[in-house]
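Reading the structure
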Amino acid sequence: MIFECGPQGADKLVCEYLGSHVRGDVAFSSITLDNKANLMRDAGQAARKLLADGCCCVLIVWDLRPAWDSKSKLCRRSERESVLASMDTAGIDATAPVHLICIEQELESWLLADDGAISALLSTAAHRYPVRRVKNPDRVPQPKAAMINHFQNARGWRYDDKVNAIQVLRAAPINLPRLRQSTSFKRFEQKLLAC
């Protein structure tokens with residue numbers, strides 16, 4: 001997998017954790033490219049390296065929000081075209097087992113899909129923190145802000161995606177049916193199962 005985060009970034013930790021639940025029979029090798037601009041430019045070279053190292057399939061994963069070019073509006077199509085151009089420059093054939101996964105809106109969209117896990121992490125023995133179920137997490141316009149609000153309202157904590165995103169998932173058994181309410185998670189799962 002290729003990500004737009006650092007070596008211990010939330011995207012990498014969460015995708016590898018969820019990937020191990022979807023495909024417990026495979027080992028993951030990941031490359032992190034630090035930010036979206038680097039991913040748009042260098043994903044092709046990174047994919048070529050993973051394929052050369054023997055990976056049977058490569059997933060390139062990035063968040064739609066925020067726009068890496070602050071002058072542009074959020075556009076999955078233009079970002080997809082940038083990644084495809086990077087792959088073309090790297091000499092990766094269109095039939096290569098490389099799949100693009102744009103998380104709409106942000107990684108926190110997947111977390112919001114599992115209200116039970118958020119509640120499990122933020123509740124105390126004396127007080128259960130109720131989390132309203134989000135039926136279409138991909139339509140929450142600012143999912144990271146929603147997670148920040150949950151953490152602040154429940155416990156007065158500051159949400160840090162690099163630490164707390166994986167904690168949310170580990171707080172309760174993985175609820176794949178809920179996660180599948182996110183179209184981008186379903187695509188992630190389908191591409192992993194097809195590898």
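Residues numbered from 1 in each chain as written. Predicted model: local features only at pLDDT ≥ 70, side-chain atom pairs only at ≥ 80, totals over all residues. Heavy atoms only, no water.

**Details of the overall build of the protein chain**
Within the protein chain, the secondary structure is distributed over 9 helices and 4 strands. Overall, the protein chain shows an N-to-C arrangement of helices and strands of β-α-β-α-β-α-β-α-α-α-α-α-α. Here the C-alpha atoms of the protein chain give a radius of gyration of 17 Å, agreeing with the 16 Å that 2.2 N^0.38 yields for 195 residues. If you line up the protein chain on its principal axes, its C-alpha atoms span 60 × 40 × 25 Å. (Helix = DSSP H or I, 4+ residues; strand = E, 2+ residues; numbered from the N terminus. Rg over C-alpha atoms; globule rule 2.2 N^0.38 Å.)

**With respect to the pairing of strand S4 (residues 98-103)**
Burial analysis of S4 places 6 of its 6 residues in the buried class, the great majority of the element. Of the pairings in the sheet, the one linking strand S3 (residues 58-63) to S4 comprises 6 bridges and is parallel in character. When the bridges of S4 are listed, Leu 59 appears paired with His 99. (Buried < 20%, exposed > 50% of the residue type's maximum accessible area, 1.4 Å probe, protein only. Pairing = 2+ DSSP bridges.)

**Quick notes on the nonpolar core**
Nonpolar side chains in soluble globular proteins generally cluster together in the buried interior. Counting residues in each nonpolar core, the largest one holds 38 residues, and the members touching the most others are Leu 18, Trp 110, Met 147, Val 168, Phe 185 and Phe 188. A total of 6 residues in this core trace back to one element, the largest contributor, which is helix H1 (residues 10-22). Not counting chain neighbours up to four residues away, the residues in contact with Met 147 comprise Glu 108, Leu 111, Leu 112, Ile 118, Tyr 159 and Val 168. Listed in part, the 21 residues of the second largest apolar core include Leu 39, Val 58, Leu 64 and Leu 100. (Core = buried A, V, L, I, M, F, W, Y, C linked by side-chain atoms within 4.5 Å. Contact = heavy atoms within 4.5 Å.)

**Details of the state of the cysteines**
Inspection of the entire model under this criterion finds 1 disulfide. The disulfide partner of Cys 57 is Cys 195, and the S-S distance across this bridge is 2.0 Å. Taken together, the positions of Cys 57 in the loop between helix H2 (36-52) and S3 and Cys 195 in the segment after helix H9 (183-194) put the pair 138 residues apart, joining distant regions of the chain. We note that Cys 55 lacks a disulfide partner, and the nearest cysteine sulfur, in Cys 56, lies 7.2 Å from it. Note on Cys 55: relative accessible area 24%, which makes it partly exposed. (Disulfide = S-S within 2.5 Å.)

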